[in-house]
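Geometric and topological summary
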Amino acid sequence: MMKTNPGNFFEDFRIGQVIRHATPRTVTEGDTALYTALYGARFAVQSSDAFAKAVGYPRRPVDDLLVFHIVFGKTVPDISLNAVANLGYADCRFTRPVFTGDTLSAQSEVIGLKETSSGKTGVIYVRSEGFNQHGELVLSYIRWVMVRKRDERSQVGEQSVPQLAPAVAPTAFGHALPQIAGRQWDDALSGSSARWADYSAGERIDHVDGMTVEEAEHMLATRLYQNTAKVHFNQHSEAKGRFGRRLIYGGHVISLARALSFNGLANAFHIAAINGGRHVAPLFAGGTVYAWSEIVDRQPLPERQDVGALRIVTFATCDRPCSDFPGKTDQGHEDGVILELDYWALIPC
Amino acid sequence: MMKTNPGNFFEDFRIGQVIRHATPRTVTEGDTALYTALYGARFAVQSSDAFAKAVGYPRRPVDDLLVFHIVFGKTVPDISLNAVANLGYADCRFTRPVFTGDTLSAQSEVIGLKETSSGKTGVIYVRSEGFNQHGELVLSYIRWVMVRKRDERSQVGEQSVPQLAPAVAPTAFGHALPQIAGRQWDDALSGSSARWADYSAGERIDHVDGMTVEEAEHMLATRLYQNTAKVHFNQHSEAKGRFGRRLIYGGHVISLARALSFNGLANAFHIAAINGGRHVAPLFAGGTVYAWSEIVDRQPLPERQDVGALRIVTFATCDRPCSDFPGKTDQGHEDGVILELDYWALIPC
Amino acid sequence: MMKTNPGNFFEDFRIGQVIRHATPRTVTEGDTALYTALYGARFAVQSSDAFAKAVGYPRRPVDDLLVFHIVFGKTVPDISLNAVANLGYADCRFTRPVFTGDTLSAQSEVIGLKETSSGKTGVIYVRSEGFNQHGELVLSYIRWVMVRKRDERSQVGEQSVPQLAPAVAPTAFGHALPQIAGRQWDDALSGSSARWADYSAGERIDHVDGMTVEEAEHMLATRLYQNTAKVHFNQHSEAKGRFGRRLIYGGHVISLARALSFNGLANAFHIAAINGGRHVAPLFAGGTVYAWSEIVDRQPLPERQDVGALRIVTFATCDRPCSDFPGKTDQGHEDGVILELDYWALIPC
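First things first, this report covers the structure right here in the doc.

Conventions adopted
Residues numbered from 1 in each chain as written. Chains lettered and ligands numbered in written order. Predicted model: local features only at pLDDT ≥ 70, side-chain atom pairs only at ≥ 80, totals over all residues. Heavy atoms only, no water. Helix = DSSP H or I, 4+ residues; strand = E, 2+ residues; numbered from the N terminus. Rg over C-alpha atoms; globule rule 2.2 N^0.38 Å. Buried < 20%, exposed > 50% of the residue type's maximum accessible area, 1.4 Å probe, protein only. Lys, Arg positive; Asp, Glu negative; His and termini not counted. Charge placed at Lys NZ, Arg CZ, Asp CG, Glu CD. Contact = heavy atoms within 4.5 Å. Salt bridge = Lys/Arg side-chain N within 4 Å of Asp/Glu carboxyl O. Least-squares fit on C-alpha atoms with pLDDT ≥ 70 in both. Buried area = accessible area lost by both parts, 1.4 Å probe. Polar contact = N/O pair within 3.5 Å; in protein donor to acceptor, adjacent residues only side chain to side chain. Phe/Tyr/Trp six-rings, centres within 6.5 Å; stacked < 30°, edge-to-face > 60°. Lys NZ or Arg CZ within 6 Å of the ring centre and 35° of its normal. Nonpolar A, V, L, I, M, F, W, Y, C, P; charged D, E, K, R; others polar.

The helix and strand inventory of chain A stands at nine helices and 11 strands. Against the globule reference of 20 Å for 349 residues, chain A gives a C-alpha radius of gyration of 20 Å, in line with a compact fold. Along the first, second and third principal axes, the C-alpha atoms of chain A reach 65 × 45 × 35 Å. Here chain A holds 349 residues, and the buried ones make up 64% of them. Treating the 35 positive side-chain charges of chain A as one cloud and the 38 negative ones as another, the clouds have centres 6 Å apart.

Here's what the structure looks like:
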């Protein structure tokens, strides 16, 4: 009986296959404190029980991205242990608030498979879902990832690539928060008076600050998420690898960019959906992360007047301040760009 | 509408101005665990619910300096984002115990303004206050800081410098703790049998141990306090700056010195007041912090026989053991000294 | 009155002497979150309240090794502050589960003393015990350590060396866990379907993964345990010492090896006893830790059918993958081996 987990290879996956992931995880105030220490997030709803209660929550919810990282971490041993590259995310929706004390578990369904032309790898598409201890869905997202084949000669069965919408529709999100009491939303405490109507499509915001990342920090974070991807932790093997260094978990960059975005988006307190995300270039320890955002759309939510949605594209860079808004070019992205993240955030009206 | 926070410049402040700070923060057991991991503090009252209850607390209170750092952190975006130098503290009093679950918020009143002769900067004096979720004052202190002017030519209105007492009087502190049951104070558990009467003015204590600081540690700490001062986090910009390196938050040094002081002051469990503090020299990662203390005064507290006050001046050094008690000289301070902290600690009688 | 703790020297110990240690410590969810962040442990019982409840616990217990490290840390200022070498452990038993909110304290009894032939040092044997806030024993172990004499000429009184059993008998452990409901043990969530009967004596398991250690990580861990051994923290003094570098706390290696062992021993959720442990070589920051295990015995527990015991010898290495199972040789251990740990783990039948 095989005791260690070799991970799944491309030919191990079947369309329709459902994988329940280990290890369930109770989220605690230890996790939220570490999350603050790792990124310095300052959104008032997630920072203060008093603020959260005043605006309508029973108490402060767990940061959306911490939920994402914990659920994502669980999928790694089954989905991406033999990955060559993490290619993208789509249709990510936060469907219920998570509070400390909740226990998160995860499962994934294989929704697409496509062998690459080399015959050595294939792309798998999964719909991963996170649940709380009551079995309620808290998070759902599609990820696709290029995975090695165990054997180049092995035949692959049914293949198909799912249709992915370019963005989540406003009708499909906004269920993870209570009615927000806008009058109780204290702009002095939240750090900004800018609300939904104060932003407009096309607006660009340089988040100004930069944050240097140390090896200890990204490893603490990635272990906190119980993410076991080898490339983040093993300098002895990575020294001989593609980059000669440990690669920082892409989600660490997303959380850094989100924390930096407080400076300009202080009231955009809840990530309701992620339309897509691309890790344009790897980040290594010693790099300093900067970020800027463009508001690309502004939409009301169906039957809600308390909060509205901003569609935001955030670019993060390494060792490049963002006062000139480095983003996409015809050939790809400008030098220094490491992340392009397209998401919907909710903000009081 | 300006979305990002440029911070206030000298000419933005007015005497009497009151600034309510973002972001309120619920203090949790995650924060206290991280505080232990960052400094290794071992004072029994803050470490053990059982010990705290035995001597009269409902449960263990949050470390005084953790409260200070969280309140201080909130003031940074409004008070010192454009600071050139953090000049000093005075009249700092801890007025109520803080327990995990409490939510801290902060405000500052401008109590003094003085343009410097260069015309490029000015010194502002603020009284900063921390409150719990019931609006009760938990901490109050004066800080003065040199801040850049936005425009050298701008005229400055009313100026004045507040009178600062050299020390907090024993009548003004000691309200942040219950009656301490000295008979239940177990010296074996607290780590020392030395109590109030065992210390005398003029006594010098070398705290012996040294603690090396890593970049990841001080950045984790400073983000935990949601302190956004850029100099602590951004190696990309600091490489071109005054020191070529990230500067460690001065409060990190204070907490290290306090934790080291356990070896010699194990029963001095509560900081009741800080008379003054000076960051004599900056600390950078890789430096090893040592500390020694002089007992400069010993006072009873009005109407209390359970605890007494020791006025302690703690000096911290970098890469210099303190067996020869390096401190002040006629010209300033001896080589290697980085901190001089003058405070009142309470200790069972 | 001496205020600082110089630690005990060899001639300060007497057989039969009982030392109550400072500082009692309440274990919180902050500690368990940090433990996860430091090692990435994934055992389901300790990770998930929902899983723990399903199988019979009131909620998830604190990781056994976190309990060990906290108790061990308390003994350092009294037992090993003047140690030359930590020589071994024996008869270590976990006797009760610890839950967050419990307060741990510790005491040690001197059970053996033997001066070394040089006359400069001696070996002391202690039985150290950890208790919860109700005074219930949670952990008991023997440690022996070589300690400096204060004065080479000082006479030493009664000497004797205790008889140490090579292993803890299965009748002597297994009291720190409830009846485990094996049918509720969900193998998909726990990460493995391998149970007690699936392992056999002589079986070797390479745990595959490697984990690089940073200075900030081992210092955060060791301070979290309030372990004050100077060699772990002070680069300024260690630069002039035996290794030129800070030495990593041996318990950090044990926890890393245990976390790595999840890959192969996912259901071996509880360490019931440690038969012995040897730190074969020191570990320094920058090293990458790998591990492999041999199942050396498999025993039922008296009057229990829910779980059985596996006696496991885990070897950890530095910068050496374990696919060739590097272990003992006639002369000692193979190159790269840093830890040999012999323990009993419990696993559902």
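Time to look at the environment of glycine 264 of chain B. One can find glycine 264 of chain B in helix H9 (residues 262-265). For glycine 264 of chain B and leucine 34 of chain B, which are 230 residues apart along the polypeptide, the C-alpha to C-alpha distance reads 24 Å. In this view, glycine 264 of chain B contacts Tyr199, Ile205 and His207 of chain B together with Lys3 and Thr4 of chain C; residues no more than four positions away in its chain are not counted.

Here the focus is the pattern of salt bridges. As a working rule, side chains carrying opposite charge can pair if their charged atoms are close by. Scanning the entire structure with this criterion turns up 66 salt bridges over all chains. In this structure, arginine 96 of chain A and glutamate 136 of chain A form a salt bridge, with 3.5 Å as the shortest nitrogen-oxygen distance. With a gap of 40 residues between them, arginine 96 of chain A in the loop between strand S2 (83-94) and strand S3 (103-115) and glutamate 136 of chain A in the loop between strand S4 (121-131) and strand S5 (137-148) connect regions that are remote in the sequence. Residue classification places glutamate 136 of chain A among the partly exposed positions, given a relative accessible area of 26%. The shortest N-O distance in the salt bridge between arginine 311 of chain C and aspartate 342 of chain C comes to 2.5 Å. Taken together, the positions of arginine 311 of chain C in strand S10 (residues 304-318) and aspartate 342 of chain C in strand S11 (residues 337-348) put the pair 31 residues apart, joining distant regions of the chain.

Turning to the relation of the copies chain B and chain A, a few remarks are in order. Least-squares fitting of chain B to chain A yields an RMSD of 0.0 Å, with the superposition described by an axial translation of 0.0 Å and a rotation of 120 degrees. Here the two chains are linked by the operation of a three-fold rotation axis. For chain B, the minimum C-alpha distance to the rotation axis belongs to glycine 30 of chain B and amounts to 2.2 Å. A share of only 15% of the interface residues of chain B reappears at the interface of chain A, consistent with the copies meeting through non-equivalent patches.

Another point: the relation of the copies chain C and chain A. Note on the copies: chain C fits chain A at an RMSD of 0.0 Å, the axial shift is 0.0 Å, and the rotation between them is 120 degrees. A low fraction, 10%, of the interface residues of chain C reappear at the interface in chain A, so the copies pair through non-equivalent surfaces.

To continue, consider the interface of chain C and chain A. Accessible area lost on assembly of the parts is the figure often given for the size of an interface. In this complex, chain C contributes 48 residues to the contact, which on the side of chain A involves 34 residues. Among the residues chain C hides against chain A, the three largest losses belong to Ala37, Arg42 and Leu189 of chain C. Together they make up 18% of the total. The interface formed by chain C and chain A holds five salt bridges in total. Of the charged contacts in the structure, one is a salt bridge between arginine 246 of chain A and glutamate 214 of chain C, with a shortest N-O distance of 2.8 Å. The tally of links between chain C and chain A comes to 22 residue pairs in polar contact (both at pLDDT 80 or more). Looking at the side of chain C that touches chain A element by element, the count peaks at eight residues for helix H1 (residues 29-39) of chain C.

In the segment running from alanine 22 of chain B into threonine 23 of chain B, the intervening peptide bond is cis, with an omega of -10 degrees. Checked against the element boundaries, threonine 23 of chain B lands in strand S1 (residues 18-26). Of note, the phi angle at aspartate 91 of chain C is positive, near 45 degrees, even though the residue is not glycine. Looking at the secondary structure, you find aspartate 91 of chain C in strand S2 (residues 83-94). A relative accessible area of 22% means that aspartate 91 of chain C is categorised as partly exposed.

With that out of the way, let us pick up helix H1 (residues 29-39) of chain B. Residue and element names in this part refer to chain B. With 10 of its 11 residues buried, H1 lies for the most part within the structure. Gly30, Asp31, Thr32, Ala33, Leu34, Tyr35, Thr36, Ala37, Leu38 and Tyr39 are the residues of H1 that are buried. Its side-chain oxygen at 3.0 Å from the backbone nitrogen of glycine 30, threonine 28 defines the N-terminal cap of H1. Note on H1: the residue one or two positions beyond its end, glycine 40, has a positive phi of about 75 degrees.

Our next topic: the packing of aromatic side chains. Given two aromatic rings, one states the distance between the centres and the angle between the planes to describe the pair. Counting across every chain of the model gives 45 aromatic pairs over all chains. Among the aromatic residues, those joined into a cluster by ring pairs are Phe68, Phe72, Tyr89, Tyr141, Tyr225 and Tyr249 of chain A. The residue whose ring lies beneath arginine 298 of chain B is tryptophan 196 of chain B, and the NZ or CZ to ring-centre distance is 4.8 Å.

With that settled, the discussion passes to the environment of asparagine 82 of chain C. Residues and elements named next belong to chain C. For asparagine 82, the position within the fold is in the loop between helix H4 (64-79) and S2. Asparagine 82 sits in the buried class, given a relative accessible area of 8%. Between the C-alpha atom of asparagine 82 and that of isoleucine 312, which follows or precedes it by 230 residues, the distance is 32 Å. Not counting the four nearest positions on each side in its chain, asparagine 82 is found in contact with Pro6, Gly7, Asn8, Phe9, Met146, Val147 and Arg148.

At the junction of the two partners, chain B supplies 34 residues and chain A supplies 48 residues. Buried surface at the junction of chain B and chain A, both sides included, amounts to about 3200 Å², of which 57% is carbon and sulfur. Considering only the surface of chain B that becomes buried against chain A, Lys3, Arg223 and His236 of chain B emerge as the three largest contributors, covering 22% of it. Put simply, chain B and chain A have five salt bridges between them. Between glutamate 217 of chain A and arginine 223 of chain B there is a salt bridge; the shortest N-O distance is 3.0 Å. Inspection of the chain B/chain A interface yields 22 residue pairs in polar contact (both at pLDDT 80 or more). Sorting the residues of the side of chain B that touches chain A by element identifies S1, H1, helix H6 (215-224) and helix H7 (235-238) of chain B as the ones contributing at least two each. Residue contributions to the side of chain B that touches chain A peak at seven residues, all from S1 of chain B. Among the residues forming the side of chain B that touches chain A, the class breakdown is 10 nonpolar, 15 polar and nine charged.

A few words now on helix H6 (residues 215-224) of chain C. Within H6 of chain C, 10 of the 10 residues are buried, leaving the element largely enclosed by the surrounding structure. Immediately beyond the C-terminal end of H6 of chain C, within one or two residues, lies glutamine 226 of chain C, with a positive phi of roughly 55 degrees.

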